[in-house]
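# Coordinates in review
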Amino acid sequence: MISKLIAEIKKKDAPVVVGLDPQLAFIPKQILDKYYKEMDYTLEAVSEAIYEYNVGLMDAVADLVPAVKPQIAMYENFGIPGLQAFKKTVDYAHKKGLVVIGDIKRGDIGSTSTAYAVGHIGKVDIKDENGNVNTVFPFDEDIVTVNPYLGSDGVKPFIDVCNQTDRGIFVLVKTSNPSSGEFQDQEIVVGDGATRPLYEIVAEKVNEWGQDSMDGDYSNVGAVVGATYPEMGIALRKLMPKTYILVPGYGAQGGSGKDLKGFFNEDGLGAIINSSRGIIAAYKNEKYASFGAEGYADAARKATEDMLQDIRENI
């Protein structure tokens, strides 16, 4: 799967993924009002509004970027109707030729982790009474994010499913949020009294796991490293030379193009940069306010173009 993502990145000269993280405050009033009128003030109305909003965004940026990243919590927030919007968003993204990174941050042990993996990047075979098999792909993302806190027991079931269905994962290594250091930066004794930060130990494990799922020059086992920590990004790039890095934290969280060069390899590949609300809610930003709520998708396209220019000028 990583080879497919790389091919799309090269084709569009765009190491960028748009995060589809809908919030009610982001959805233009005219879209919400349309479904409230049809379906009353219900979760079903919100679900339809989210989907229409996402369709407009994907139509606006699909020719510019290789991938989108729906954050499942922003859909689970609206219950089963929200999850239906998530699934429809995944399916529409595929129709537009986009790679889908499901930001699910799952991770458990044994059969539970396998169930998460199968549900999101795997397949289920359902046999009828005559033994005929109907193979279905439940959520059908291409790549998902995985929490490694439970160790190999939680991650290897995902790798097994990746290898069965040619999918991928991005493992959390050094996240972009301010409090990530409370655990991730803790110094761990590794021998002879020497210490290393936990995120480096996780990175080395990601590099090891990745050897079990190579797809060309890079592995289907990627890593998440925040743009808000560029110096750590440089160190982690060296520890994971064959690992693709998903880089959140650009834009609204403070990361910019000048922070990104160290996340890439000398081949100009190795990283994909995420922006979520900086693109999908661009019309609320003073810089793009002239587009108005009616032009939310055009504002998102312009914000994407500006992001691409910033990245191309700095890497």
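Structure shown above.
This is a predicted model, so every value here is computed, not measured.

### A word on the overall build of the chain
When you go through the chain residue by residue, the secondary structure sums to 12 helices and 14 strands. The C-alpha radius of gyration of the chain comes to 20 Å, within 12% of the 20 Å expected for a compact globule of 315 residues. Out of the 315 residues belonging to the chain, those deemed buried represent 52%. Relative to all contacts within the chain whose residues are 6 or more apart in sequence, the contacts with residues 24 or more apart total 71%. As displayed, the chain has an accessible area near 14,000 Å², and 50% of this comes from carbon and sulfur atoms.

### What about the pairing of strand S4 (residues 124-127)?
Where S4 and strand S5 (residues 133-136) come together, 4 bridges link them in antiparallel fashion. Residue Ile126 lies in a different strand from S5, and its bridge partner there is Asn134. Hairpin connection from S4 to S5: 5 residues lie between these consecutive antiparallel strands, with Gly131 at a positive phi of about 85°.

### Thoughts on the sheet that holds strand S13 (residues 245-247)
Taken together, 8 strands build a closed barrel; the order of strands is S1-S2-S3-S6-S7-S12-S13-S14 and the barrel is parallel. Here the strands of the sheet are splayed against their neighbours by 30° on average, with no regard to which way each runs. Sheet topology note: the S13/strand S14 (residues 271-275) ladder contains 3 bridges and is parallel. Paired with Val247 across the bridge in S14 is Ile273. The sheet contacts of helix H5 (residues 79-95) involve strand S1 (16-20), strand S2 (67-70) and strand S3 (99-106), and relative to S3 the element is tilted by about 150°.

### Structural notes on a nonpolar patch on the surface
Taken together, Ile109, Tyr149 and Leu150 make up a surface patch of nonpolar side chains, about 340 Å² in accessible area. Relative to the helices and strands, Tyr149 is located in the loop between strand S6 (143-146) and helix H7 (152-165). On the basis of relative accessibility, which here comes to 67%, the residue Tyr149 falls in the exposed class.

### Digging into the side chain of Ser47
Tracing the sequence through the fold places Ser47 in helix H3 (residues 43-61). Taking the relative accessible area as the measure of exposure, Ser47 reaches 3% and is therefore buried. Those residues in contact with Ser47 that lie beyond four places of it in its chain are Pro81, Gly82 and Ala85.

### Points about the pairing of strand S7 (residues 168-174)
Two faces belong to every sheet, and in a regular strand the side chains alternate between them. Burial of S7 is extensive: 7 of the 7 residues sit out of reach of the surface. Where S6 meets S7, 4 bridges bridge the pair, whose relative direction is parallel. What sits directly across from Thr145, in S7, is Phe170. Read from S6 through H7 to S7, the crossover connection turns out right-handed.

### Topic: the side chain of Glu8
As for its position among the elements, Glu8 is in helix H1 (residues 2-12). Note on Glu8: relative accessible area 15%, which makes it buried. Once residues within four sequence positions are removed from consideration, Glu8 is found in contact with Pro66 and Gly97.

### What about the packing of aromatic side chains?
Inspection of the entire model under this criterion finds 6 aromatic pairs. Ring plane angle 75° and centroid distance 5.7 Å describe the contact between Phe86 and Phe139, whose orientation is recorded as edge-to-face. Of this pair, Phe86 sits in helix H5 while Phe139 sits in the loop between S5 and S6, placing them 53 residues apart in sequence. Taking 5.0 Å as the distance between ring centres and 70° as the angle between the ring planes, the aromatic pair formed by Tyr218 and Tyr244 counts as edge-to-face. Of this pair, Tyr218 sits in strand S11 (residues 218-219) while Tyr244 sits in the loop between helix H10 (230-239) and S13; the two residues are 26 residues apart in sequence, bridging distant segments of the chain. An identical accessibility class is assigned to Tyr218 and Tyr244; each is buried.

Here is what the cut-offs are and how they apply
Residues numbered from 1 in each chain as written. Predicted model: local features only at pLDDT ≥ 70, side-chain atom pairs only at ≥ 80, totals over all residues. Heavy atoms only, no water. Helix = DSSP H or I, 4+ residues; strand = E, 2+ residues; numbered from the N terminus. Rg over C-alpha atoms; globule rule 2.2 N^0.38 Å. Buried < 20%, exposed > 50% of the residue type's maximum accessible area, 1.4 Å probe, protein only. Contact = heavy atoms within 4.5 Å. Areas by Shrake-Rupley, 256 points an atom, 1.4 Å probe, with all protein chains shown as cover. Pairing = 2+ DSSP bridges. Axes fitted to C-alpha atoms, helices over the stretch in contact; angles between N-to-C directions. Patch = residues over 30% accessible without salt bridge, like charges linked within 9 Å, V, L, I, M, F, W, Y side chains within 5 Å. Salt bridge = Lys/Arg side-chain N within 4 Å of Asp/Glu carboxyl O. Right-handed = clockwise from strand over helix to strand, strands pointing away. Phe/Tyr/Trp six-rings, centres within 6.5 Å; stacked < 30°, edge-to-face > 60°.

None of the figures reported here should be taken as evidence of function without further support.
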